Amino acid sequence: MQSPLALVVGLCGAMRAVLIPFKSSSSAPSDPSQSEKPPAKLRPTAYLDGLRGFAAFLVYWHHHELWAHRGIANDFIESGFGYMDKHIFATYPIIRNFFGGGHYAVSTFFVISGYVLSTKPLSLIHAGEQAKLADNLSSALFRRWLRLYIPLLATTFIFMTSWHLFGIWVESSKAEPTYGAEIMAWYREVKAFSFIFNQGDKPWLSYNFHLWSIPLEFKGSIVIYTTALALSRASRNARLWCEAGLIFYFLYIVDGWYCALFVAGMMLADLDLLAAHDDLPNWLSCLDGVKTVIYYHLLVISLYLGGVPVRTQEVKDLRANNGWYFLSYLKPQAVYDYKWFYLFWAALLLVASIPRIAWLKRFFESRFCQYLGRISFALYLVHGPVLWTLGDRLYAAVGWATQEQVKHIPGWVNILPLSKAGPFCMEIAFLVPNLILLPVTLYLAEIVTRVFDEPSVRFPQWLLKQTLGKPARIPASLPS
């Protein structure tokens, strides 16, 4: 029987043979004549792909900042400028989003999803295509769970297997004594985590606790599909008022902040479709002459609110941060964790502003952001496992060791200590490991995109076709 090591080497070699010959969209064509072809035209909503990718990168950067600067330093990263008399550049309003903007990014994910998932159904509603709307919604709902959970199941299973196959210690999770026991523990946890109506279990997955947002993504998707169906025969004004009413309900009456974000994305998509047909409500059309000024102001408000301090969930702690005392009184009673109320408005205003500010839209349509957008889901899936394995060891090697690392991986601790000189969150000892970690993470995200993410789009489409029956034949003439 083949040894485990030989099997791993063989699998790695096979994967390398499959993946390396593939060319990315940015690689040069082998046929010189192909280089003369113009680049593919971007979709009208390509900026949303770029925004999603850039937001995924902010999640990566935020988690690495927190992991390397564990301990009391986390209080400063997730607190406002001047908190405890610490005036740190990385916590300055707006600038702080580039160092601790992970929650801002997740809120933006949900608004984007609401926009993208509702665009096609809304276009059919506007056209009065009720039969096509039914087909679209049934197809979308059939495919959605598989689309979200196939990559999650695959990546967490591989990550879990690596602990036992290679004897890897990870601080983020406690491994079971045997591989068989680990598989059963993984199965029990994943089946509960993937059942969105299960309210008794913890809201995160111990095999990758960064993926807590996936069940909320599925719940928000169901909200979009059911809302589109429920409002499919409503008039324009009634539909817009109902969307606004749902946002108010989810944000001010019940603690459904993530549903409010999805419906906000749906409302933005509805307004954009109406604007394309010159059918906006009159009061919005009257603002056309000053919309650029308005959206610049909304962008600044978004960037400020996106940096809401998140060290705790207590409003009294929010009030202790400079610039948030009066804003803290805006939090509705229904929202338990105050940050999501402010992040709702931040994400909504951000997604609304970008397409109306030309230079910002062009940035998110750039090749860099479009590339990040293509691998964004995979980047979200793999950045945690890379951080908890390779990242944990590299940070320990350059001087960011904790007592747990000294205990479990002493051979890595301080083997190449680097200076911690530089601004907080931009120290040499933090930036140098990322010269390795970022390329490795992006490379693995590319692999996961090709091996799991893209097939998770095609497989549900194929499976849906297998379930469809043949359309009933209508006789040419009815018997008299």
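Some words on the overall build of the protein chain
When helices and strands are tallied, the protein chain shows 19 helices and 0 strands. Relative to its full complement of 480 residues, the protein chain shows a buried share of 47%. Here the contacts in the protein chain between residues at least 6 apart in sequence split such that 72% fall between residues at least 24 apart.

Comments concerning a nonpolar patch on the surface
Nonpolar side chains collect at one region of the surface, where Phe248, Tyr249, Tyr252, Ile253 and Trp345 lie side by side and expose about 470 Å² of accessible area between them. With 4 residues, helix 9 (residues 236–253) is the single largest residue contributor to the nonpolar patch. Relative to the helices and strands, Tyr252 is located in helix 9. When its relative accessible area of 32% is taken as the criterion, Tyr252 is described as partly exposed.

Observations concerning the packing of helix 6 (residues 130–166) against helix 19 (residues 428–467)
In the contact formed by helix 6 and helix 19, the axes pass within 9 Å of each other and the chain directions differ by 145°. Viewed along their axes, helix 6 and helix 19 form a crossing whose handedness is right-handed. Contacts from Ser139, Phe142, Arg143, Leu146, Arg147, Ile150, Pro151, Ala154, Thr155 and Ile158 of helix 6 reach helix 19 at Val448, Phe452, Asp453, Ser456, Val457, Phe459, Pro460, Gln461, Leu463, Leu464 and Thr467. Its residues placed into classes, the contact of helix 6 with helix 19 shows 13 nonpolar, 5 polar and 3 charged.

What to know about the packing of aromatic side chains
One pass over the structure, following the stated rule, counts 34 aromatic pairs. Considering the side-chain rings of Phe57 and Tyr60, the 6.0 Å spacing of their centres and the 20° angle between planes classify their relative orientation as stacked. With Phe57 and Tyr60 both in helix 2 (residues 46–68) and 3 residues apart, the pair spans about one turn of that helix. Each member of the pair, Phe57 together with Tyr60, is buried. Each ring, one from Tyr325 and one from Tyr329, has its centre 5.5 Å from the other, and the planes form 75°; the classification is edge-to-face. The ring of Trp67 is capped by Arg70, whose NZ or CZ atom sits 4.2 Å from the centre of that ring. For the cation-ring pair, Lys420 lies above Trp400, with the distance from its terminal atom to the ring centre recorded as 4.2 Å.

Here we look at the packing of helix 8 (residues 213–230) against helix 10 (residues 257–276)
The interhelical angle for the contact between helix 8 and helix 10, taken along N-to-C directions, is 50°, at an axis separation of 9 Å. As summarised for this structure, helix 8 and helix 10 are arranged oblique, according to the angle between their axes. Both helix 8 and helix 10 take part in a crossing whose hand is right-handed. Residues Leu216, Glu217, Lys219, Gly220, Ser221, Val223, Ile224, Thr227 and Ala228 of helix 8 form the contact with helix 10, whose participating residues are Trp257, Tyr258, Cys259, Phe262, Val263 and Met266.

Observations concerning the pattern of salt bridges
Across all of its chains, the model carries 14 salt bridges by this definition. Asp270 is the salt-bridge partner of Arg239, the closest N and O atoms lying 2.7 Å from each other. Here Arg239, found in helix 9, pairs with Asp270, found in helix 10; they are 31 residues apart in sequence, far enough to count as distant. On the basis of relative accessible area, Arg239 is assigned to the buried category, the value being 4%. When salt bridges that share partners are traced, they join Arg374, Glu446, Arg450 and Glu454 into one network.

What about the confidence of the model for the protein chain?
Looking at the protein chain, the pLDDT average stands at 89 and 89% of residues meet or exceed 70. Here residues 1–36 is a poorly scored stretch, pLDDT under 50, and it has 20 contacts once near neighbours within four places are set aside; other chains count.

Topic: unusual backbone geometry
Of note, the phi angle at Asn414 is positive, near 55°, even though the residue is not glycine. Along the chain, Asn414 falls in the loop between helix 18 (403–408) and helix 19. In the Ramachandran plot, Cys425 falls in the positive-phi region, its phi being about 80° despite a non-glycine side chain. Position of Cys425 relative to the elements: it lies in the loop between helix 18 and helix 19. Cys425 gets classed as buried once you look at its relative accessible area, which sits at 2%.

Regarding helix 10
Over its 20 residues, helix 10 extends 29 Å from the first C-alpha to the last, a length consistent with the 28 Å expected when each residue adds 1.5 Å. Most of helix 10 sits inside the fold, with 17 of its 20 residues counted as buried. Among the residues trailing helix 10, Asp278 stands out with phi positive, at a value near 55°.

Some thoughts on the environment of His103
By the secondary structure assignment, His103 is in helix 5 (residues 102–127). Sequence separation between His103 and Gly306 is 203 residues, and the spatial gap between their C-alpha atoms is 8.1 Å.

Considering the side chain of His62
Within the secondary structure, His62 sits in helix 2. Side chain to side chain, His62 and Glu78 meet in a polar contact 3.2 Å long. If near-sequence neighbours (up to four positions away) are discounted, His62 is found in contact with Glu78, Phe99, Gly100, Gly101, Gly102 and His103.

Looking at the environment of Ile196
Locating Ile196 in the fold gives a position in the loop between helix 7 (179–193) and helix 8. Placed 22 residues apart in sequence, Ile196 and Phe218 show a C-alpha to C-alpha distance of 7.8 Å. Once you skip the residues sitting within four places of it in the chain, Ile196 turns out to touch Tyr149, Pro215, Phe218, Lys219 and Ile222.

Some thoughts on the side chain of Ser213
Its place among the elements puts Ser213 in helix 8. When near neighbours in sequence (up to four residues on either side) are disregarded, Ser213 contacts Val106, Phe110 and Tyr380.

Things to note about the environment of Ala55
With respect to the helices and strands, Ala55 occurs in helix 2. Contact partners of Ala55, with chain neighbours within four places excluded, come to Ala105 and Phe109.

The rules behind these values
- Residues numbered from 1 in each chain as written.
- Predicted model: local features only at pLDDT ≥ 70, side-chain atom pairs only at ≥ 80, totals over all residues.
- Heavy atoms only, no water.
- Helix = DSSP H or I, 4+ residues; strand = E, 2+ residues; numbered from the N terminus.
- Buried < 20%, exposed > 50% of the residue type's maximum accessible area, 1.4 Å probe, protein only.
- Contact = heavy atoms within 4.5 Å.
- Patch = residues over 30% accessible without salt bridge, like charges linked within 9 Å, V, L, I, M, F, W, Y side chains within 5 Å.
- Areas by Shrake-Rupley, 256 points an atom, 1.4 Å probe, with all protein chains shown as cover.
- Salt bridge = Lys/Arg side-chain N within 4 Å of Asp/Glu carboxyl O.
- Axes fitted to C-alpha atoms, helices over the stretch in contact; angles between N-to-C directions.
- Left-handed = near helix turned anticlockwise from the far one by under 90°.
- Nonpolar A, V, L, I, M, F, W, Y, C, P; charged D, E, K, R; others polar.
- Phe/Tyr/Trp six-rings, centres within 6.5 Å; stacked < 30°, edge-to-face > 60°.
- Lys NZ or Arg CZ within 6 Å of the ring centre and 35° of its normal.
- Parallel < 35°, antiparallel > 145°, perpendicular 65-115°, else oblique.
- pLDDT = per-residue confidence, 0-100.
- Expected span 1.5 Å × (residues − 1).
- Polar contact = N/O pair within 3.5 Å; in protein donor to acceptor, adjacent residues only side chain to side chain.

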